[in-house]
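# Coordinates in review
Residue-level listing of the chains:
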Amino acid sequence: MEFINIGFGNLVSAQRLLAVVSPDSAPIKRLVQECRERGGLIDASYGRRTQSVLVLDNDHLVLSALPAETILGRLTGEEALE
């Protein structure tokens, strides 16, 4: 099983990851709010500004303070994107 570091020592299973999206669009904001209301939101941003939203295959969302490009770099093994 492969894990991706999404910041602050938090890890997400690469096999469960469907998408990494920006939190700025209105549809993503609605999706985050709906997920928060049903209890499926995991906030791994440690109080910092959310820069990416990770969509998992089990209808959970994970908020991260790392930009999507950094997470992509960690997923593909190209740490130089940081």
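None of the values given here were measured: they were computed from a predicted structure.

## Remarks on the sheet that holds strand 4 (residues 41-43)
Taken in spatial order, the four strands make up an open sheet running 3-5-6-4, and their pairing is mixed. Strands with a single pairing partner mark the edges of an open sheet, and in this sheet they are strand 3 (17-21) and strand 4. Taking each pair of neighbouring strands and ignoring which way they run, the sheet shows an average axis angle of 20°. In the sheet, strand 3 pairs with strand 5 (residues 52-56) via four bridges, with the strands oriented antiparallel. The partner of leucine 17 across the bridge, within strand 5, is leucine 56. Across the sheet, helix 1 (residues 26-38) lies against strand 3, strand 4, strand 5 and strand 6 (61-64), angled at about 115° from strand 6, the strand it touches most.

## Let's talk about the nonpolar core
Ile4, Ile6, Val12, Ala14, Leu17, Ala44, Leu54, Leu56, Val62, Leu66 and Ile71 form the largest nonpolar core, which has 11 residues in total. Secondary-structure elements contributing two or more residues to this core are strand 1 (3-7) and strand 5. Discounting chain neighbours no more than four positions away, the residues touching leucine 66 are Asn5, Ile6, Gly7, Gln51, Ser52, Ile71 and Arg74. Core analysis: the next-biggest nonpolar cluster, separate from the first, contains six residues, Cys35, Val53, Leu61 and Leu63 among them.

Procedures and definitions
Residues numbered from 1 in each chain as written. Predicted model: local features only at pLDDT ≥ 70, side-chain atom pairs only at ≥ 80, totals over all residues. Heavy atoms only, no water. Pairing = 2+ DSSP bridges. Helix = DSSP H or I, 4+ residues; strand = E, 2+ residues; numbered from the N terminus. Axes fitted to C-alpha atoms, helices over the stretch in contact; angles between N-to-C directions. Contact = heavy atoms within 4.5 Å. Core = buried A, V, L, I, M, F, W, Y, C linked by side-chain atoms within 4.5 Å. Buried < 20%, exposed > 50% of the residue type's maximum accessible area, 1.4 Å probe, protein only.

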